[in-house]
Amino acid sequence: VQLQASGGGLVQAGDSLRLSCAVSGSTLSSYAVGWFRQAPGKERAFVAAISRSGGSTNHADSVKGRFTISRDNAKNTVYLQMNGLKPEDTAVYYCAARQSLAQTIIVRRSGYDSWGQGTQVTVSS
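The present account deals with the structure reproduced in this document. All residue numbers refer to position in the chain's written sequence, counted from 1. Totals for whole chains, interfaces and linings use all residues, but because this is a predicted model, local features are given only for residues with pLDDT of at least 70 and pairs of side-chain atoms are given and counted only at 80 or more. Only hydrogens and water are removed before side-chain values are computed, so all heavy atoms of the structure are retained for them.

## Observations regarding the pairing of strand β3 (residues 17–24)
Looking at chain direction, strand β1 (residues 2–6) and β3 are connected through five bridges and run antiparallel. The partner of Gln2 across the bridge, within β3, is Ser24. Each pair of strands is called paired provided DSSP finds at least two bridges between the two strands. Counting from the N terminus, the helices are DSSP H or I runs at least four residues long and the strands are E runs at least two residues long. Bridging between β3 and strand β8 (residues 77–82) involves six bridges; their strand directions are antiparallel. Following the sheet pairing, Arg18 is matched in β8 by Gln81.

Structure follows, in C-alpha cells:
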C-alpha cells in the first residue's frame, strides 16, 4: 500500500486546515490508519487514529476538541480536520496504515508498517 499525504501549508493561529491521506495499491477498508507529527528536534508523536470502518477514533489530548480524524473508504482517503491551529501544532504530519482484521485503533508508532511522505504544517502566531 502507498500513502500520499497532502493539504499542509502556512496558516495563522486560529485558522483551519484539512489534511488528506490518499491510499493506493490496496483497499483502504482493510486498514487501520493514523496521523502522527514531528516537530523539529522532537520525536514523531501520535495525533489521531481511526479504525477500519471509521466507527472508532482516538485523538491525542493535545488536539482533542480541535482535530478530527475521519475516512471515506469509497474514496480511499483519510482526513485530518484541524481547527483552531496553534503555533505548537507546527510540524510535518505523516499518515500511516496497517492492515487489520479487527476494528482496532493503533496509537503506537511501531504499530504501523506503511507510512506516507509527510506534509508540512506551519502555524504563525
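## Focus: the environment of Asp72
Mapped onto the elements of the fold, Asp72 is located in strand β7 (residues 67–72). When accessible area is computed with a 1.4 Å probe and restricted to protein chains, residues below 20% of their type maximum are described as buried, those above 50% as exposed, and intermediate ones as partly exposed. A residue is classified by how much of its surface remains accessible, and Asp72, at 24% relative accessible area, is partly exposed. Separated by 50 residues in sequence, Asp72 and Ala22 place their C-alpha atoms 10.0 Å apart. Contacts were defined at the residue level, with two residues in contact if any of their heavy atoms lie within 4.5 Å. Filtering out sequence-adjacent residues up to four positions away, Asp72 remains in contact with Leu28, Thr77 and Tyr79. Within the structure, Asp72 has its side chain in polar contact with the backbone nitrogen of Ala74 (distance 3.1 Å). As used in this structure description, the phrase polar contact means that two N or O atoms lie within 3.5 Å; if the pair is within protein, one of them must be able to donate a hydrogen and the other to accept it, and residues adjacent in sequence are counted only when both atoms belong to side chains.

## Describing the nonpolar core
Among the buried residues, those of types Ala, Val, Leu, Ile, Met, Phe, Trp, Tyr and Cys that are joined through side-chain atoms within 4.5 Å form a nonpolar core. One finds Trp35, Val47, Phe67, Val78, Leu80, Met82 and Tyr93 to be the most contacted residues of the largest nonpolar core, which totals 35 residues. Those elements that provide at least two residues to this core are β1, β3, β4 (31–38), β5 (45–50), β7, β8, β9 (91–99) and β11 (119–124). Ignoring sequence-local partners within four residues, the contact set of Met82 consists of Asp15, Ser16, Leu17, Leu19, Arg66, Phe67, Tyr93 and Val121.

## Focus on the sheet that holds β1
Within the open sheet, the four strands sit side by side as β1-β3-β8-β7. Their pairing is antiparallel. Two strands close off the open sheet at either side, each with one partner strand: β1 and β7. Sheet twist, expressed as the average angle between the axes of neighbouring strands with direction ignored, equals 15°. Think of each axis as a best-fit line through the C-alpha atoms, taken over the contacting stretch in the case of a helix, with angles from 0 to 180 degrees between the N-to-C directions.

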